[in-house]
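Chains, contacts and geometry: an overview
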Amino acid sequence: MPLVARMQPFTSTIFAEMSALAVAHDAVNLGQGFPDSDGPESMLDAARAAITDGFNQYPPGPGIPELREAVAAQQLDDYGLAYDPDTDVLITVGATEAIAGAVLGLVDAGDEVVMIEPYYDAYAATVALAGGVRRTVSLVPDGDGFRLDRDALAAAFSPTTAAVIVNSPHNPTGTILSDDDLAEIARLCIANDVVAITDEVYEHLVFDGAVHRSLATLPGMKERTLRISGAAKTFHVTGWKVGWISGPRELIAAARAAKQYLTYVGSGPFQPAIAHALRNEMDWVRDDAVALGEKRTMLSTALTDAGFSVHRSQGTYFVCADPRPLGVTDGDTFCRELPERIGVAAVPISAFVDDAGPWRHMVRFAFAKSDDAIAEAARRLRTL
């Protein structure tokens, strides 16, 4: 095969495979994490106006000043994190490119990158692109949820560790890392002089009074953390691909050096629309989080009624379910058969881990769908 060996495991994504099966069998797609409704109308109007007003050529390399200023203001308001919009904020083509820019700019061939599994599949692919070596630490069961294995995390750090990638609220489990978990990550980063790359794209989508805390707010961490977020999940615009990185200027410069040779720039007319949304539509986001929490409960109840054992989801778009009470032990085979069998698509958690053993049975369902779609999925799931 002409593809270089380090990229051969990444020729396809589980999301594309499951979505294709959903289309082929007219299934309710609870696999891929995209909403089936658009974001706030004033943001859509701002995008239309930007197209009409000529914002259709290359934006500035770091992103338009208006958006960088809005990102900096939001982080100051929400977390007390002060970033200079001119040097400490970089606009990217979605959070996935932000992750790639951060890893490619900071990880040398042979460097180790610590990752918490299950992990978003792009993490592993970008570490491979950089020629790095991933060291994974699995979340472990904690009642009906999951927690960090701090002893295993400490053992994963070594003299060749360059970075740790931290995702909270966590995709795919919906776990929010505790303050104690974050404190241990911070301790290890400082003790080993390691950079933290934090994926916080679900920062606003938390439920039941839970609070998201950014790792960058912990003592000694702002100066060694690249904080990644974006508009896709927050404002229901996954196709606009507008993300950002915030951090100390020397780390931002490293990420920008790699990012500018990936896409250079993107999302020109959408950048002013997202700037508008960050400044004017956060009440919409808070209301959306409440609605998503209700959808989480609706889908979790449907899965329980269908015979699954359902894990607690504190945020994100996702809930994890255990089909072993239904006699299923292989989540991958189960998910590949489910669209044809009952017309529902999900994704296996085994696609997001190096050690499939503890996760082989687990399945992820997305609830960022209309109530009608969830109700129809519930009806079909009951036929199991």
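No experiment lies behind these values; they were computed from the predicted model shown.

The number of helices and strands found in the chain is 13 helices and 15 strands. Relative to the 2.2 N^0.38 estimate, which gives 21 Å for 384 residues, the radius of gyration of the chain is 20 Å and therefore close to what a compact globule would have. Projected onto its principal axes, the C-alpha positions of the chain cover 55 × 55 × 50 Å. Counting all 384 residues of the chain, 57% fall into the buried class.

Once the charged atoms of two side chains with opposite charge are near each other, the side chains can pair. Evaluation of the coordinates by the stated rule reveals 23 salt bridges. The partner of Arg224 in a salt bridge is Asp193, and the shortest N-O contact between them spans 3.3 Å. Of this pair, Arg224 sits in the loop between β8 (195-199) and β9 (225-230) while Asp193 is found in the loop between α7 (179-192) and β8, placing the two residues 31 residues apart along the sequence. By relative accessible area, which is 60% here, Asp193 ends up exposed. With its nearest N and O atoms 2.6 Å apart, the salt bridge here joins Arg379 to Glu376. Note that Arg379 and Glu376 are positioned in helix α13 (residues 371-381) at a spacing of 3 residues, about one turn of the helix. Salt bridges sharing common partners tie together Glu17, Asp332 and Arg336.

Within the largest apolar cluster, 91 residues are counted, with the highest numbers of intra-cluster contacts made by Val164, Ile185, Leu215, Leu303, Phe308 and Phe365. Two domains share this core, each providing at least three of its residues, namely domain 1 (5-39 + 282-382) and domain 2 (57-280). Core analysis: the next-biggest nonpolar cluster, separate from the first, contains 28 residues, Leu44, Ala47, Ile274 and Leu278 among them.

What follows is about the domain arrangement of the chain. Per the domain assignment, the segments making up the chain are domain 1 (5-39 + 282-382) and domain 2 (57-280). Taken together, the 38 residues of domain 1 in the interface contact 41 residues of domain 2. A combined buried area of about 3,500 Å² lies between domain 1 and domain 2, and 58% of that area is made up of carbon and sulfur atoms. There are 3 salt bridges connecting domain 1 and domain 2. Measuring nitrogen to oxygen at the nearest pair gives 3.0 Å for the salt bridge that ties Arg134 to Asp354. Broken down by secondary-structure element, the contributors of at least two residues to the side of domain 1 that touches domain 2 are α1 (14-24), α11 (282-306) and β12 (318-322). If you tally residues by element for the side of domain 1 that touches domain 2, the top one is α11, at 8 residues.

Attention now moves to the packing of α11 against α13. The axes of two packed helices give the description: the angle between them and the distance between them. Viewed as axis vectors pointing N to C, α11 and α13 meet at an angle of 10°, and their least axial separation amounts to 9 Å. Looking at the two axes, α11 sits roughly parallel to α13. Packed against α11, whose contacting residues are Lys295, Met298, Leu299, Ala302, Leu303 and Ala306, the element α13 presents Asp371, Ile374, Ala375, Ala378 and Leu381 at the interface. Split by residue class, the contact of α11 with α13 holds 9 nonpolar, no polar and 2 charged.

Turning our attention to the UniProt feature "domain: Aminotransferase class I/classII large" (unreviewed entry) in the chain. In the numbering used here, UniProt assigns the feature "domain: Aminotransferase class I/classII large" (unreviewed entry) to residues 26-381. Between the end C-alpha atoms of residues 26-381 there is a gap of 15 Å, over a span that is 41% helix and 17% strand.

How each quantity is defined
- Residues numbered from 1 in each chain as written.
- Predicted model: local features only at pLDDT ≥ 70, side-chain atom pairs only at ≥ 80, totals over all residues.
- Heavy atoms only, no water.
- Helix = DSSP H or I, 4+ residues; strand = E, 2+ residues; numbered from the N terminus.
- Rg over C-alpha atoms; globule rule 2.2 N^0.38 Å.
- Buried < 20%, exposed > 50% of the residue type's maximum accessible area, 1.4 Å probe, protein only.
- Salt bridge = Lys/Arg side-chain N within 4 Å of Asp/Glu carboxyl O.
- Core = buried A, V, L, I, M, F, W, Y, C linked by side-chain atoms within 4.5 Å.
- Domains from an automatic or database assignment.
- Contact = heavy atoms within 4.5 Å.
- Buried area = accessible area lost by both parts, 1.4 Å probe.
- Axes fitted to C-alpha atoms, helices over the stretch in contact; angles between N-to-C directions.
- Parallel < 35°, antiparallel > 145°, perpendicular 65-115°, else oblique.
- Nonpolar A, V, L, I, M, F, W, Y, C, P; charged D, E, K, R; others polar.
- UniProt positions renumbered as here; feature names shortened; annotations may be inferred.

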